[in-house]
Amino acid sequence: MMRHKILSRFIIIFFVSFFMSHAAHADDPIQPQYKTADSQIVDNAKALRLDRKYDAAIDLLKPLIKREPEYYRAIYQLALSFGERAQSASKQPNDIQDSDTWFRQAIAQKERLSAAGKPLNEYTIYNSYGWFLMETGRFKDAEVTLLKGVNELDKLPSVQSQQRVLNNLSIVYKRQGRFAEAAELSKKALALGSVTAQKNLIEIQQMAKSKGQKQ
């Protein structure tokens, strides 16, 4: 059974790598010092993660990070892979701890480079880590992290990214019973066209009403 599982993961990695190798690639878009071959590995791992093949994504990323321990995008994808696997049926005992470790390492590197005057043009990690903290019940930590994302709202790469960070912080406030703050954020996300925000706002209003609070 174990040999079959290992072989299956190897086959998945081989075919995804083969397919992606025939697509157009360039040096890493955030850290150009990492050339096409390494950037391609990260792209392959991301494709596997999005297809919920978390084990295969992790297997691709670990050797790369061992060789290139400051490769931000690889570290970020590894954190996401562990975090999303922790929410899946294939979760492993150390996934939450591993995800937290890699998220903190990626953020520390991002902030260190920014302090050195070499900021990375990547701002989605605060929402991703905030989501992870929220899902693991660490609401205070999630609030601190998501506020960083909200403070850089205009730097996020898409309207969808802006919606997500506003919605996630709104949910954190909702779960803390801070309905007025939650409603304000949901209204901002709703103004950006978020369907999720509309549903969330109705729930916030109902919860606030049941608690006799204004929002």
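Right, let's walk through the structure included here.

### Some points on the packing of aromatic side chains
Move 1: With the rule as written, the count across this model stands at six aromatic pairs.
Move 2: Geometrically, the ring pair formed by Tyr-34 and Tyr-71 is stacked, given 4.1 Å between the ring centres and 10° between the ring planes. Note that Tyr-34 is positioned in the loop between helix 1 (2–21) and helix 2 (36–50) and Tyr-71 in the loop between helix 3 (54–67) and helix 4 (72–86), a separation of 37 residues in sequence. No difference in accessibility class separates Tyr-34 from Tyr-71, as the two residues are buried.
Move 3: Taking the centre distance of 5.1 Å and the plane angle of 35° together, the rings of Phe-103 and Tyr-129 count as tilted. Within this pair, whereas Phe-103 is found in helix 5 (residues 95–115), its partner Tyr-129 is found in helix 6 (residues 125–135), the two being separated by 26 residues in sequence.
Move 4: Classification of Tyr-129 by relative accessible area gives buried; the value is 6%.
Move 5: Site record: aromatic cluster; members linked through ring pairs are Tyr-72, Tyr-76, Phe-103, Tyr-129 and Phe-132.
Move 6: Between Lys-110 and the ring centre of Tyr-123, over which it is positioned, the NZ or CZ distance is 4.2 Å.

Each value, and the rule that gives it
- Residues numbered from 1 in each chain as written.
- Predicted model: local features only at pLDDT ≥ 70, side-chain atom pairs only at ≥ 80, totals over all residues.
- Heavy atoms only, no water.
- Phe/Tyr/Trp six-rings, centres within 6.5 Å; stacked < 30°, edge-to-face > 60°.
- Helix = DSSP H or I, 4+ residues; strand = E, 2+ residues; numbered from the N terminus.
- Buried < 20%, exposed > 50% of the residue type's maximum accessible area, 1.4 Å probe, protein only.
- Lys NZ or Arg CZ within 6 Å of the ring centre and 35° of its normal.

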